[in-house]
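Single-letter residue listing:
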Amino acid sequence: GEQIREKVDTPWFEMLTSPPVWAIIVAFFAQGWGLYTLLTCTPTYFEQGIGIKLNESIVMNGVYSSLPFLLLTVVVLIAGPLADFLRAKGLSTVFVRKFMTLIAI
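Let me sum up the structure you'll find in this document. (Residues numbered from 1 in each chain as written. Predicted model: local features only at pLDDT ≥ 70, side-chain atom pairs only at ≥ 80, totals over all residues. Heavy atoms only, no water.)

## Regarding the layout of surface pockets
At step 1: The space that makes up the largest pocket amounts to roughly 410 Å³.
At step 2: Contributing to the lining of the largest pocket are Leu72, Val75, Val76, Ala79, Gly80, Arg97, Met100, Thr101, Ile103 and Ala104.
At step 3: Among the residues making up the lining of the largest pocket, the classes are represented as seven nonpolar, two polar and one charged.
At step 4: Within this model, the second largest pocket holds a volume of roughly 300 Å³.
At step 5: Residue lining of the second largest pocket: Ala27, Phe28, Ala30, Gln31, Gly34, Leu35, Leu38, Pro68, Phe69 and Leu72, and that is the complete set.
At step 6: The dominant element in the lining of the second largest pocket, judged by the number of residues it contributes, is helix 2 (residues 19-50), at seven residues. (1 Å grid on protein atoms, 1.4 Å probe; cavity = no way out; pocket = protein on both sides within 12 Å on 5 of 7 lines; lining within 4 Å. Points joined across faces, edges and corners; volume = space filled by probe spheres on them. Nonpolar A, V, L, I, M, F, W, Y, C, P; charged D, E, K, R; others polar. Helix = DSSP H or I, 4+ residues; strand = E, 2+ residues; numbered from the N terminus.)

Here it is as structure tokens:
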């Protein structure tokens with residue numbers, strides 16, 4: 001048979017005034033800000049903050065600057081299975097998400 005689809009208006013006002021939506025927007029903004037700050041300031045921090053002369057070797061600059069991202073890769077590979085393990089032990093999804101957010105800070 002023929003299906004009749006009813007057009008439903010998108011509740012833009014309700015979505016844009018929803019606290020959870022704004023929490024997501026702020027979280028993504030902060031994540032992006034942090035990522036680009038890390039990308040652009042890591043070499044300067046190593047040189048001026050720690051005293052590692054990265055301008056002497058472009059290879060060492062790359063190695064040291066990539067360390068936070070290599071560590072992030074390892075942590076992400078561990079965090080997913082850890083969250084699954086905690087869920088399998090009976091902890092709620094909300095608790096596991098909050099716990100993982102807490103240890104990520």
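## Notes on a nonpolar patch on the surface
At step 1: Together, Val74, Ile78, Leu82, Phe85, Leu91, Phe95, Phe99, Leu102 and Ile103 line one region of the surface with nonpolar side chains, adding up to about 800 Å² of accessible area.
At step 2: Counting residues per element, the ones that place at least two in the nonpolar patch are helix 3 (58-88) and helix 4 (93-104).
At step 3: Inspection of the secondary structure puts Leu82 in helix 3.
At step 4: Take Leu82: its relative accessible area is 31%, and that puts it in the partly exposed class. (Patch = residues over 30% accessible without salt bridge, like charges linked within 9 Å, V, L, I, M, F, W, Y side chains within 5 Å. Areas by Shrake-Rupley, 256 points an atom, 1.4 Å probe, with all protein chains shown as cover. Salt bridge = Lys/Arg side-chain N within 4 Å of Asp/Glu carboxyl O. Buried < 20%, exposed > 50% of the residue type's maximum accessible area, 1.4 Å probe, protein only.)

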